[in-house]
Each structure stands twice: as C-alpha cells, then as structure tokens.
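Understanding the architecture of this molecule
Listed below are the residues making up each chain.
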Amino acid sequence: MSAIEQCRSAALGGHVERCEDCGHSRIAYNSCRNRHCPKCQGAAATDWLAAREADLLPVSYFHVVFTLPAEIAPIAYQNKAVVYDLLFRTAAETLLTIAADPKHLGARIGATAVLHSWGSAMIHHPHVHMIVPGGGISLDGTRWVRCKPGFLLPVRVLSRLFRRLFLAALADAHTAGRLAFFGEIEALRRHEAFAAHLGPLKRKDWFVYAKPPFAGPEPVLAYLARYTHRVAIANSRLIAFDEGGVAFRYKDYRRHGQARYRTMTLSADEFIRRFLLHVLPKGFHRIRHYGLLASAGCKANIVRARELIAVRSPEVAPPAAQDAADPDAAADHRPSCPCCGGRMIIVEVFGRGGTPRGPPAAAAGGI
C-alpha cells in the first residue's frame, strides 16, 4: 500500500522531460513498479504481450477457467503460496492429462495460465484462466492433432479430475504440516476437522468452464491483456471518491443483459481491505506456462508445431535502431509531447523527496 500511495509522487523522485522540437517541459515522477499497482502495469503488459506474439500458432484458441469452491477460499487466503500453487499445478495436470488421453484428444497440448483471486466486486474468488491452443502434437510426435470445431475437451471430465487431484494434494499438504489456520477456521488444524470439511466437496460439482474459441490467433493477445497484468480492479472502473466512500463499476453475473452492469460504493477502509485480499506472496509467479508452452522447450515446440501445421515460423524483425545517447529508447514508454507530439528527453533527474532545480516552464525558455 505504501508503494501504491507514493507511486508517481515526489516521494519517489523523478525527472524533468523536455520536447526536442518545441521545448515544452514537464515534471514526471517515478512509478513504484509494484506488480500490484494499477498505474504501473500498462507498460509491463505491453512488453509481455509483445514477447508472446511470436509464440502464437495459426489455430483457434480456447479460454478455460478452473475455479476453487467457496469452501476452499478461506484456506487459500491464509495459505496463499501453498494453495495457489496447488491450484496452478492441479489445473494444468488436469488439462494435460485429459488432452493426452486417446479417448479425447490424444495429444500433447500447451497452455498459458494466469491466476486471479478476485471477482468483479473484489471479493476473494480464487480461479485460474488458461488460454489453450485448439490442438496439440500427437503422442508419437508425427502430426498435429486438431480439436473438434468449437470443442476442446469435456468440461465434466475436467471438473471431476480437477476435484480429485486438488483435494488429494490439499490433504497431503495438511498432513505434511504446510498449512496454517487462524481465526474462524483455526479448528481445521485438527486432521479430523479438516477431513470433515473436505468431505462434502468430494461430491460437489466443481466449476470448470471452457468458453467458445477465439476466431484465430489475432484476438488472443488483446484478450490476454485483460488478464495478465491486472490486480483486483483497473483505474478505468473507478467512478468517484468522496465522504460517502469509493464508487466503482462491477458486473453482477447473476443478472443478464445490461442489468448486470452495476455500481457499488464501499467505505474507504472496506475498499482497501478488499484490494489487499489479492496481494500475492513475494516472489510468487501468477503467470505460468505448461505443456508445449513450458519455458524449457517452448521455442522448439512452437517450431515443431508450425512444421506439423505446415506454416512457416514468423520472421522476427530486426531490432529498431537506437540512439546511442539513449540506450533505453526501444523500451521507452514516455508519452509524446502534448503540444507538438515530439519526443520528450530527460534533462534533469532528482531523487526521492527532492524537487527540480527550477520550474519546467523556466527551463523551457532556454539557457
């Protein structure tokens, strides 16, 4: 919260930029670069998506969602690193196992998985989004196996295997003493109470959803941008903040049509509490790749898949020429000059809590 509060303020220092063409100057304060900050993820998302563009295959893509039941959510909140990791691993194992089964697809597939722990109203709702190519490499490696039109894998089969794998892994984690319990769920420390809590979940239907496929690979990157680098809420959904609280837009999925688009107002402390529900443990990776897209063999697998689909690998454009005086030009996300659209260059840097030597307007007049 301190990082977000200080983001792009004098507390973090900054620099003075000046337009090369018209001389217009402005102060730009440093960003916190915290991965939970809604103001700092735009550039990170752009860079990440650009790096993924070369991995797209010329096939349909599916969006698959694995969701933990509400009974698991309190355990997940108090054991984020352990339970979220189990969610990732068991969801991926479920998808890869069913896809490899000759009764279904009979192929090795890949997936990019993104963890979300929130619903539209920022309540705690752990689930994993997966973007999956519509097919895979046959088990003998000799051909590309396409899925049926508009159909990837049976969600009922996925749901049952996911339920079994996750509950077994969670029980093993409890037996190994890797889980902690506090407050209202403290009684679950006892093995008998924990087993009784999980018992009904073995008979409950777990939510696994596969959305209709994208129309080719082109829309995939734009869609991924909505899921990869965002936490809890985007600034665009905020409406107002005053003595009455924080107002924001959300979707009520129990309603249909335009009625599902609603507005909610929360007190400031409740809004902050809900946001903090979704802060991840330090070092925890919330974007992961599995199967053909796993980092170890991803490039080779993509090349092989393209060969089997009989499509040439895309030619990678040479890197843009860089100004020797500005080695970071290729990764420059600074907005252009608001007056003439020219390139802004840094003419002064000041440290945390500092101020520029002179007002930007004075610097713009020349020396």
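Residues numbered from 1 in each chain as written. Predicted model: local features only at pLDDT ≥ 70, side-chain atom pairs only at ≥ 80, totals over all residues. Heavy atoms only, no water.

Things to note about the nonpolar core
Ranked by size, the top nonpolar core spans 53 residues in total, and within it Val83, Leu95, Met130, Phe162, Phe166 and Leu170 carry the most contacts. Where this core is concerned, the elements lending two or more residues are strand 3 (61-67), helix 3 (73-78), helix 4 (80-100), strand 5 (110-118), strand 6 (124-133), helix 5 (155-175) and helix 6 (191-198). If one sorts the elements of this core by residue count, helix 4 sits on top with eleven residues. When neighbours within four sequence positions are excluded, Leu95 is seen to be in contact with Phe66, Ile109, Ala111, Met130, Val132, Leu153 and Leu158. Core analysis: the next-biggest nonpolar cluster, separate from the first, contains 22 residues, Leu49, Phe214, Tyr223 and Leu224 among them. (Core = buried A, V, L, I, M, F, W, Y, C linked by side-chain atoms within 4.5 Å. Buried < 20%, exposed > 50% of the residue type's maximum accessible area, 1.4 Å probe, protein only. Helix = DSSP H or I, 4+ residues; strand = E, 2+ residues; numbered from the N terminus. Contact = heavy atoms within 4.5 Å.)

Remarks on helix 9 (residues 298-309)
Compared with an ideal rise of 1.5 Å per residue, which puts twelve residues at 16 Å, helix 9 spans 16 Å between its outermost C-alpha atoms and is within 8% of the ideal. Lining the buried residues of helix 9 we find strand 7 (135-138), strand 8 (144-146) and strand 13 (287-291). (Expected span 1.5 Å × (residues − 1).)

Quick look at the sheet that holds strand 3
What links the strands of a sheet is backbone hydrogen bonding, and the strands pair in either a parallel or an antiparallel sense. On the basis of which strands lie adjacent, the open sheet formed by five strands has the order 9-3-6-5-13 and antiparallel pairing. Two strands close off the open sheet at either side, each with one partner strand: strand 9 (208-211) and strand 13. Within this sheet the neighbouring strands show an average axis-to-axis angle of 25°, counted without direction. Contacting strand 3, strand 5, strand 6 and strand 13, helix 4 crosses the sheet at an angle of about 35° to strand 6. (Pairing = 2+ DSSP bridges. Axes fitted to C-alpha atoms, helices over the stretch in contact; angles between N-to-C directions.)

Observations concerning the pattern of salt bridges
The tally for this structure, following the rule as stated, stands at eleven salt bridges. For Arg343, the salt bridge is made with Glu20, and the minimal N-O distance between the two is 3.3 Å. Residue Arg343 is found in the loop between helix 9 and strand 14 (344-350), and its partner Glu20 is found in the loop between strand 1 (14-19) and strand 2 (25-29); the two are separated by 323 residues along the sequence. Classification of Arg343 by relative accessible area gives partly exposed; the value is 32%. When the shortest N-O distance is used, the salt bridge between Arg273 and Glu270 registers 2.9 Å. A residue pair is termed a helical-turn pair when its members lie 3 or 4 positions apart in one helix, as Arg273 and Glu270 do in helix 8 (residues 268-276) at three residues. (Salt bridge = Lys/Arg side-chain N within 4 Å of Asp/Glu carboxyl O.)

Some remarks on the packing of aromatic side chains
Any aromatic ring pair is given by two values, namely how distant the centres are and how the planes are angled relative to each other. Taken as a whole and judged by the stated rule, the model has ten aromatic pairs. Ring geometry for Phe162 versus Trp206: centroids 5.5 Å apart, planes at 80°, classification edge-to-face. You can see Phe162 sitting in helix 5 and its partner Trp206 sitting in the loop between helix 6 and strand 9, a full 44 residues away along the chain. Residues Phe162 and Trp206 agree in their burial class; the two are buried. (Phe/Tyr/Trp six-rings, centres within 6.5 Å; stacked < 30°, edge-to-face > 60°.)

Here's the deal with the packing of helix 4 against helix 5
The relative placement of two packed helices comes down to the angle between their axes together with the axis-to-axis distance. Taken N-terminus to C-terminus, the directions of helix 4 and helix 5 make an angle of 145°; their axes are 9 Å apart at the nearest point. As helix 4 runs across helix 5, the sense of the crossing is right-handed. Judged by residue contacts, Val82, Val83, Leu86, Leu87, Thr90, Ala91, Glu93, Thr94, Leu95, Thr97 and Ile98 of helix 4 engage Val157, Leu158, Leu161, Phe162, Leu165, Phe166, Ala169, Leu170 and Ala173 from helix 5. Taken together, the residues of the contact of helix 4 with helix 5 sort by class into 16 nonpolar, three polar and one charged. (Left-handed = near helix turned anticlockwise from the far one by under 90°. Nonpolar A, V, L, I, M, F, W, Y, C, P; charged D, E, K, R; others polar.)

Details of the confidence of the model for the protein
Confidence in the prediction for the protein averages 85 pLDDT; 90% of positions are at 70 or higher. Here residues 315-330 is modelled with pLDDT under 50, and outside its nearest four sequence neighbours on either side it reaches five contacts, counting other chains as well. (pLDDT = per-residue confidence, 0-100.)

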